[in-house]
Amino acid sequence: NAGVMQNPRHLVRRRGQEARLRCSPMKGHSHVYWYRQLPEEGLKFMVYLQKENIIDESGMPKERFSAEFPKEGPSILRIQQVVRGDSAAYFCASSPSSGWRDTQYFGPGTRLTVL
Amino acid sequence: AQTVTQSQPEMSVQEAETVTLSCTYDTSESDYYLFWYKQPPSRQMILVIRQEAYKQQNATENRFSVNFQKAAKSFSLKISDSQLGDAAMYFCVTGYSTLTFGKGTMLLVSP
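The rules behind each value
Residues numbered from 1 in each chain as written. Chains lettered and ligands numbered in written order. Predicted model: local features only at pLDDT ≥ 70, side-chain atom pairs only at ≥ 80, totals over all residues. Heavy atoms only, no water. Helix = DSSP H or I, 4+ residues; strand = E, 2+ residues; numbered from the N terminus. Buried < 20%, exposed > 50% of the residue type's maximum accessible area, 1.4 Å probe, protein only. Contact = heavy atoms within 4.5 Å. Buried area = accessible area lost by both parts, 1.4 Å probe. Salt bridge = Lys/Arg side-chain N within 4 Å of Asp/Glu carboxyl O. Polar contact = N/O pair within 3.5 Å; in protein donor to acceptor, adjacent residues only side chain to side chain. Nonpolar A, V, L, I, M, F, W, Y, C, P; charged D, E, K, R; others polar. Disulfide = S-S within 2.5 Å. Phe/Tyr/Trp six-rings, centres within 6.5 Å; stacked < 30°, edge-to-face > 60°.

Trainee: Help me understand the side chain of Asp86(A) in this model?
Mentor: Residue and element names in this part refer to chain A. Looking at the element boundaries, Asp86 is found in the loop between strand E8 (75–79) and strand E9 (88–95). With a relative accessible area of 3%, Asp86 lands in the buried category. In this structure Asp86 touches Arg36, Arg64, Phe65, Ile79, Leu112 and Val114, once residues within four positions along its chain are discounted.

What follows is the structure in structure tokens.
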């Protein structure tokens, strides 16, 4: 059973460009979570999605950031008009269902560098 | 709201010795899980051990065990017979559907 897959692993963007990060959950998992890790910090929750639905986006900045998890295909985290402060590692996790019964399994992360 | 505090930015241990990493947390949830994740230099986040908050028995996974004190909201990780491969950043985590991470403890293992 393949683990959570994220691509690209490394992404370099210039200020003002768009960044698109992809996450394919583990087979059988219908819940996806995105986290951001700044240098020397733990992970911070951004958004929680099920197929075609955003369940909790309380950790996501109100502007420039959006996320989707379509019926078919991977979950996408999109950052428009990137700024240097967006440079971070972005981790995706998946679980079979929500809540405390299921452990979240993490992908290898995408390291975004904004020049 | 949930908070997780790891008061030890860095810990050192020699191979084959035992080390304990501390963690305290606060949560308003009545049902929750607690986890320890490790992040080696590869930056992959790896689950080490998890504890159901409603269970009094401390979780154990091979050389890893926890001391869960629910009333004190304390959740420490003990690593026995430390190995070089245990060197990593260790995060204490709590959550219901979304996870809250501590800032991490860097574990150094020397031969």
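Trainee: Any chance you could explain the interface of chain A and chain B here in plain terms?
Mentor: The figure often quoted for interface size is the accessible area lost as the parts come together. Taken together, the contacts link 22 residues of chain A with 21 residues of chain B. Counting the surface lost from both chain A and chain B, the interface buries some 1900 Å², and carbon and sulfur atoms represent 55% of this. In this structure, the connection of chain A to chain B is made through one salt bridge. The residue Lys103(B) makes a salt bridge to Glu41(A) at a minimum N-O spacing of 3.9 Å. In this assembly, chain A and chain B are joined by seven residue pairs in polar contact (both at pLDDT 80 or more). Elements with a minimum of two residues in the side of chain A that touches chain B: strand E4 (31–37), strand E5 (43–50) and E9 of chain A. The class makeup of the residues in the side of chain A that touches chain B is 10 nonpolar, six polar and six charged.

Trainee: Explain the state of the cysteines here, please?
Mentor: Disulfides are covalent bonds that link the sulfur atoms of two cysteine residues. Residues and elements named next belong to chain B. Tallied over the entire structure, the rule returns two disulfides over all chains. The disulfide partner of Cys23 is Cys92, and the S-S distance across this bridge is 2.0 Å. Residues Cys23 and Cys92 are joined by a disulfide whose S-S torsion is about -70 degrees; by sign, that bridge is left-handed. On the criterion of sequence distance, the pair formed by Cys23 in the loop between strand E3 (19–21) and strand E4 (24–26) and Cys92 in strand E10 (residues 88–95) is long-range, its members being 69 residues apart. A residue is classified by how much of its surface remains accessible, and Cys23, at 3% relative accessible area, is buried. Given the relative accessible area of 0%, Cys92 is considered buried.

Trainee: How should the packing of aromatic side chains be read in this particular structure?
Mentor: Pairs of aromatic rings are described using the distance from one ring centre to the other and the angle between the two planes. Summed over the entire model, instances satisfying the criterion amount to 13 aromatic pairs over all chains. Aromatic side chains Phe68(B) and Phe75(B) sit 6.2 Å apart centroid to centroid with 85 degrees between the ring planes, which places their arrangement in the edge-to-face category. Just as Phe68(B) is buried, Phe75(B) falls in that class too. Following the ring pairs from residue to residue traces out a cluster consisting of Tyr35(A), Phe45(A), Phe106(A), Tyr33(B), Phe35(B), Tyr37(B), Phe91(B) and Phe101(B).

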